[in-house]
Amino acid sequence: MEDLVVVGGGVIGLSCAWRAAQAGWRVTLRDPAPASGSSWVAGGMLAPVTEAWPGEEGLLELGLESLELWPAFAEELSAAAGQPAGLHPEGTVVAATGSGDRAELDALAGHLGRLGRPVERLSGRELRRLEPGLGPDVRGGLSVPGDLSVDNRALLAALRAAAEKAGVVVEERAWEPGDTTDAAGFVLICAGARSAALHPGLAGLVRPVKGEILRLTHRHGAFPVPTRTVRALVDGRPVYLVPRPGGLVVGATQSEHGFDTEPTVGGVRDLLRDAERILPGIAEYTLAEAAAGLRPGSPDNVPIVGRLDGRTLVATGHSRNGILLAPLTARLVAGLLAGAPVPPAVDPARFGRTGT
Ligand code: GLY
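Residues numbered from 1 in each chain as written. Predicted model: local features only at pLDDT ≥ 70, side-chain atom pairs only at ≥ 80, totals over all residues. Heavy atoms only, no water.

Going by an unreviewed UniProt entry, the protein carries the name glycine oxidase and comes from Pseudonocardia halophobica. According to the UniProt record, the Catalytic activity (unreviewed entry) comment for the protein is "glycine + O2 + H2O = glyoxylate + H2O2 + NH4(+)". According to UniProt, the comment filed for the protein under the heading Pathway (unreviewed entry) is "Cofactor biosynthesis; thiamine diphosphate biosynthesis." (UniProt positions renumbered as here; feature names shortened; annotations may be inferred.)

Structure follows, in structure tokens:
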């Protein structure tokens with residue numbers, strides 16, 4: 001049995017640690033605050049299609065591959081953990097307000113159609129038939145039943161439980177390069193936005209991308225929580241509302257301010273203003289939480305998964321898609337630990353930095 005230290009206890013670190021322990025590795029996971037950070041703050045969308053951008057076709061393929069793994073991953077995880085993994089099997093609608101927003105969604109639909117991923121275009125009335133809480137400003141949009149969501153906090157709890165049941169030892173302390181307390185084994189860096197400082201091969205490759213996010217709780221008598229994830233463009237600004245038991249997650253801003261994790265008044269105001277244009281009924285909900293997380297941005301928004309040197313592996317840089325890509329990343333890392341190569345698209349070698 002070989003030793004593996006997993007650095008980072010977010011959704012990627014926990015998923016990889018669980019899979020490695022299942023494969024027979026003696027795994028220690030190090031994180032001063034496991035199951036916190038961006039994985040805790042996240043919206044939990046499993047949405048490769050509605051996160052798609054022209055020019056990011058490789059990322060769309062990875063996202064679709066991971067989305068296909070999700071139902072079995074969640075089922076196995078729930079059984080292993082003895083608690084729900086939080087998968088929400090309802091799809092996504094995308095709403096547009098002004099004519100510019102509708103034109104942008106038309107462009108996205110056209111792009112997806114050309115990639116062989118047609119999505120259904122709906123009028124405002126058709127969208128309101130699916131989600132009656134959508135307001136009168138919604139003029140049209142898309143239905144994407146395959147883009148799902150997961151309750152990220154239920155997921156983290158299930159992953160930690162399953163990992164520990166599989167033998168992973170969670171140590172609530174930091175890891176530094178050259179840590180002399182490591183057994184002579186392998187190290188897997190899954191430290192999200194903080195990964196760049198942990199290996200010279202990652203320097204300058206992973207940067208923090210701040211996202212502010214809100215949690216709203218449904219109150220008695222208020223309009224019901226939508227069944228599906230609702231994404232929208234409001235005068236060009238993207239907003240999403242993801243259902244949770246008893247409420248909604250509203251996200252997210254995107255900005256680069258180093259390691260700042262304080263939610264700002266302006267961020268909260270913008271999210272509430274845009275969310276209320278789409279679902280007016282949320283005005284009666286409770287504002288339960290405002291938080292900010294740091295997405296681990298990579299230069300091409302594609303994750304960085306592979307070998308950095310003889311004993312150091314990495315799985316980071318998941319940008320906006322960490323929760324979605326967790327099952328695929330854990331599978332790739334399990335393959336790597338068994339000696340298999342990773343696809344060139346995710347290999348850190350694409351940046352010409354390995355061997356440092
Ligand atoms: N995947 C949603 C976000 O990063 O805000």
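Counting residues in each nonpolar core, the largest one holds 56 residues, and the members touching the most others are Leu 4, Val 27, Trp 70, Leu 77 and Leu 188. The biggest single contributor to this core is helix H8 (residues 322-337), with ten residues. Beyond its immediate chain neighbours, meaning those up to four positions away, Val 27 contacts Leu 4, Val 6, Ala 17, Ala 20, Ala 21, Gly 167, Val 168 and Val 169. Ranked by size, the runner-up nonpolar core spans 23 residues in total, among them Leu 127, Leu 248, Val 250 and Ile 278. (Core = buried A, V, L, I, M, F, W, Y, C linked by side-chain atoms within 4.5 Å. Buried < 20%, exposed > 50% of the residue type's maximum accessible area, 1.4 Å probe, protein only. Helix = DSSP H or I, 4+ residues; strand = E, 2+ residues; numbered from the N terminus. Contact = heavy atoms within 4.5 Å.)

The subject of this paragraph is empty space enclosed by the protein. Tallied over the entire structure, the rule returns three cavities of 30 Å³ or more. Volume-wise, the largest cavity comes out at about 70 Å³. Lining the largest cavity, in full, are Pro 48, Glu 51, Ala 52, Trp 53, Glu 56, Leu 59, Leu 60, Gly 63, Asn 321, Leu 324 and Leu 325. Taken together, the elements giving at least two residues each to the lining of the largest cavity come down to helix H3 (57-81) and H8. Looking at which element gives the most residues to the lining of the largest cavity, the answer is H3, with three residues. (1 Å grid on protein atoms, 1.4 Å probe; cavity = no way out; pocket = protein on both sides within 12 Å on 5 of 7 lines; lining within 4 Å. Points joined across faces, edges and corners; volume = space filled by probe spheres on them.)

Backbone hydrogen bonds hold the strands of a sheet together, and the pairing may be parallel or antiparallel. Taken in spatial order, the eight strands make up an open sheet running E6-E7-E5-E12-E13-E14-E11-E15, and their pairing is mixed. One side of each edge strand has no neighbouring strand; the edge strands of this open sheet are strand E6 (120-123) and strand E15 (286-297). Between one strand axis and the next, the sheet turns through 25° on average, direction left out of account. Taken together, the five bridges between strand E12 (residues 229-234) and strand E13 (residues 237-244) define a ladder with antiparallel strand orientation. Considered in E13, the bridge of Val 234 is made with Arg 237. (Pairing = 2+ DSSP bridges. Axes fitted to C-alpha atoms, helices over the stretch in contact; angles between N-to-C directions.)

In the vicinity of the ligand, the contacting residues are Met 45, Glu 51, Tyr 240, Ala 252, Arg 295 and Arg 320. At 2.6 Å, a side-chain N or O of Tyr 240 approaches an oxygen atom of the ligand. Measuring from a nitrogen atom of the ligand, one finds a backbone N or O atom of Arg 320 at 2.7 Å. Coverage of the ligand by the protein chains reaches 88% of its 200 Å² of free accessible surface. Assessed atom by atom at 2 Å from the grid points, the ligand resides in the largest pocket. Of the residues contributing to the shell around the ligand, the split by class is three nonpolar, no polar and three charged. (Near = heavy atom within 4 Å. Polar contact = N/O pair within 3.5 Å; in protein donor to acceptor, adjacent residues only side chain to side chain. Areas by Shrake-Rupley, 256 points an atom, 1.4 Å probe, with all protein chains shown as cover. Sits in = over half its atoms within 2 Å of the grid points. Nonpolar A, V, L, I, M, F, W, Y, C, P; charged D, E, K, R; others polar.)

Taken as a whole, the largest pocket holds about 1100 Å³ of empty space. Lining of the largest pocket is provided by 50 residues; of these, Gly 37, Ser 38, Ser 39, Gly 192 and Leu 294 occupy positions nearest its centre. Of all the elements in the fold, those that place two or more residues in the lining of the largest pocket are helix H1 (11-22), helix H2 (37-41), strand E11 (207-217), E15, strand E17 (312-316) and H8. Residue composition of the lining of the largest pocket, by class: 24 nonpolar, 19 polar and seven charged. Looking at the second largest pocket, its volume works out to about 680 Å³. Of all the elements in the fold, those that place two or more residues in the lining of the second largest pocket are helix H4 (99-114), E11, E12, E13 and E15. For the lining of the second largest pocket, the element with the most residues is H4, which contributes four residues.

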